[in-house]
Amino acid sequence: MKTIYIKAALLGTILLAGAAQAQQFPLDNLKPRDQRGINIFENPKDSVTTFEKLKVRIGGAFALQFQGLKHESGADQTVPATQLYDIGNNFNLATANLDIDVALYDGINLHLRTFLSSRHHNETYVKGGYIQIDKLDFIKKDFLSDFMKYSTIKFGHDEINYGDVHFRRSDNAYTTQNPFVGNYLMDAYATMVFAEYYYRRDGFIGMGGITNGRLNQNANGGTSPSLYAKIGYDKQLNSDLRVRITGSVYNTANTQRLDFYDGDRAGSRYYYVMENAAATSSANFRSGQVVPDFKNKVTSIMINPFVRYKGLEFFGTFENASGRNTAEIDRRTWNQYAAELLYRFGNNDNLYVGGRYNLVKGELATGDKVDVTRYNIGGGWFMTKNILTKVEYVNQKYDGYPASSILYDGKFNGFVLEAAISF
């Protein structure tokens, strides 16, 4: 069956590429998804309009990796639950996205993303979408134009704007904005029903949002509104230097099913690492990730500095999260630290090399205090603005897990190559 899905994804990507030849026109206040979108975080804000009539732009993405990883565990390898999967070297499941962007009206855009094939769900399904309003001219020409010059309203069922890490992660087949192959250890990514308001002026960024904190709207039990916010500064100080720093907070007071640090339905890039011999690609789709197991309450804070001087880039992350699952009384705390250093060079910065260090420390529901470290070293080549190839070496280690866990004294390392197309 997977062969059928891969062929379908390939065919869909070819058809999308053909359609894209005639549809690569820009839409106001939506960032491009090729190399031009590198280091664009939130969608841009510009009061100048090019709207003439309703337009539909079809885009997409395709990604394929070759994985050469090996893993080890200090747990008893004669026990089925802790016996490691025999990984081997092989290609991963090909993944593909379908993107539809629509200019509905002057100042109103719609975005919809569908995963044609992903690790967790081989079948096609909608990831999410949103409507973005940058003008209120649908009410009356130039209605509150002075206010909307700096304001944006965004709502839908899609990923929420908590922190800046989600702007540098791979979203299934869309990997252009991620300089490496894998995402972060503790991945605060989820698609939820949300509404956000933005105010941006002279480099200042302010955003407030509300959501119900759920990926699955059919989950049992009631829920309370989850609130989140971001404040920051982003400025090109001169032709060589850009500085950005943001702080974000997210709080869920009460819910019966919290989908926050385990909301990525696409799955990890590192297939089968630290999984037992009975694992399957789709059921064990979070391989290598760290999930704090917060299902009832969570309060998270993330701080992200970003500096680019000529071709040199630094992106940092500090995150503090406290929460609990439905069976717990007291909250537990997890901290995440990360630093990326990249150097972009070549014709139009089409080449880059760099490294990322990522550390997560926290307390399991069992009371065990653990930490996980990962570092990535690699580089990439934009063969064209739409075609990217990457190679990375990854090394990850686990400390503090009990001897009954497959993660006890666990580690994995090796090389991963990725080829990606986005348009």
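Residues numbered from 1 in each chain as written. Predicted model: local features only at pLDDT ≥ 70, side-chain atom pairs only at ≥ 80, totals over all residues. Heavy atoms only, no water.

The name given to the protein in an unreviewed UniProt entry is Porin, with Chryseobacterium cheonjiense as the source organism.

Q: How do you make sense of the side chain of Asp137 when you look at a structure like this?
A: Looking at the secondary structure, you find Asp137 in the loop between β5 (125-133) and α2 (145-148). Within the local environment of Asp137, its side chain forms a polar contact with the backbone nitrogen of Asp142, the two atoms lying 3.2 Å apart. Leaving out residues up to four positions away in the same chain, Asp137 has contacts with Tyr105, Asp106, Asp142 and Phe143. (Helix = DSSP H or I, 4+ residues; strand = E, 2+ residues; numbered from the N terminus. Polar contact = N/O pair within 3.5 Å; in protein donor to acceptor, adjacent residues only side chain to side chain. Contact = heavy atoms within 4.5 Å.)

Q: Help me understand the nonpolar core, please; the structure alone is not making it clear to me.
A: The nonpolar side chains of a soluble globular protein tend to be buried, and buried together. Core analysis: the biggest nonpolar cluster contains 54 residues, and Ile160, Tyr162, Tyr250, Phe260, Tyr261, Trp334 and Phe412 have the highest contact counts within it. Put simply, the parts of the chain that give this core at least two residues each are β7 (191-201), β11 (297-309), β12 (312-324), β13 (332-345), β15 (369-384), β16 (387-399) and β17 (411-422). Residues Phe180, Tyr352, Phe382 and Leu388 belong to the second largest nonpolar core, which totals 6 residues. (Core = buried A, V, L, I, M, F, W, Y, C linked by side-chain atoms within 4.5 Å. Buried < 20%, exposed > 50% of the residue type's maximum accessible area, 1.4 Å probe, protein only.)

Q: Help me out: how do you make sense of the pairing of strand β9 (residues 226-236) in this one?
A: Regular strands place their side chains on alternate faces of the sheet. Pairing between strand β8 (residues 204-211) and β9: 8 bridges, direction antiparallel. Across the sheet, the residue bridging to Ile205 is Gly232, located in β9. Relative to strand β10 (residues 241-252), β9 runs antiparallel, the two sharing 11 bridges. If you follow Ala229 over to β10, its bridge partner there is Val249. Linkage of β9 to β10, two consecutive antiparallel strands, is achieved through a turn of 4 residues. (Pairing = 2+ DSSP bridges.)

Q: Please clarify how the side chain of Asp34 should be interpreted in this entry.
A: Tracing the backbone shows Asp34 in the loop between α1 (2-20) and β1 (55-72). Classification of Asp34 as buried rests on a relative accessible area of 2%.

Q: Please explain the environment of Glu363 as it appears in this structure.
A: Mapped onto the fold, Glu363 is located in strand β14 (residues 351-363). On a C-alpha basis, the gap between Glu363 and Arg331 in space is 9.7 Å, while along the polypeptide they are 32 residues apart. Once you skip the residues sitting within four places of it in the chain, Glu363 turns out to touch Arg332, Thr333, Trp334, Asp368 and Lys369.

Q: Please clarify how a nonpolar patch on the surface should be interpreted in this entry.
A: A grouping of Leu54, Val56, Leu104, Tyr105, Phe138, Ile139, Phe143, Leu144, Phe147 and Tyr197 is seen on the molecular surface, where their side chains present a nonpolar patch of about 880 Å² in accessible area. Mapped onto the secondary structure, Phe138 falls in the loop between β5 and α2. (Patch = residues over 30% accessible without salt bridge, like charges linked within 9 Å, V, L, I, M, F, W, Y side chains within 5 Å. Areas by Shrake-Rupley, 256 points an atom, 1.4 Å probe, with all protein chains shown as cover. Salt bridge = Lys/Arg side-chain N within 4 Å of Asp/Glu carboxyl O.)

Q: Honestly, the environment of Gly379 in this entry has me stumped. Any pointers?
A: Mapped onto the fold, Gly379 is located in strand β15. Taking the C-alpha atoms as reference points, Gly379 and Trp334, separated by 45 residues in sequence, lie 30 Å from one another. In this structure Gly379 touches Tyr352, Val353, Thr389, Lys390 and Val391, once residues within four positions along its chain are discounted.

Q: Honestly, the packing of aromatic side chains in this entry has me stumped. Any pointers?
A: Where two aromatic rings form a pair, the distance of their centres and the angle of their planes describe that pair. Taken as a whole and assessed by the stated rule, the structure comprises 19 aromatic pairs. Plain terms: the ring middles of Tyr162 and Phe260 are 5.4 Å apart, the flat faces sit at 55° to each other, and that makes the pair tilted. One end of the pair, Tyr162, is in the loop between β6 (151-159) and β7; the other, Phe260, is in the loop between β10 and β11, and 98 residues separate them in sequence. Judged by its relative accessible area of 1%, Tyr162 falls in the buried class. The interplanar angle of 45° and the centroid separation of 6.3 Å between the aromatic rings of Tyr375 and Tyr393 together place this pair among those described as tilted. One end of the pair, Tyr375, is in strand β15; the other, Tyr393, is in strand β16, and 18 residues separate them in sequence. On the basis of relative accessible area, Tyr375 is assigned to the partly exposed category, the value being 33%. Overall, Tyr393 belongs to the partly exposed group, its relative accessible area being 22%. An aromatic cluster of three or more residues is present, and its members are Tyr162, Tyr228, Tyr250, Phe260 and Tyr261. (Phe/Tyr/Trp six-rings, centres within 6.5 Å; stacked < 30°, edge-to-face > 60°.)

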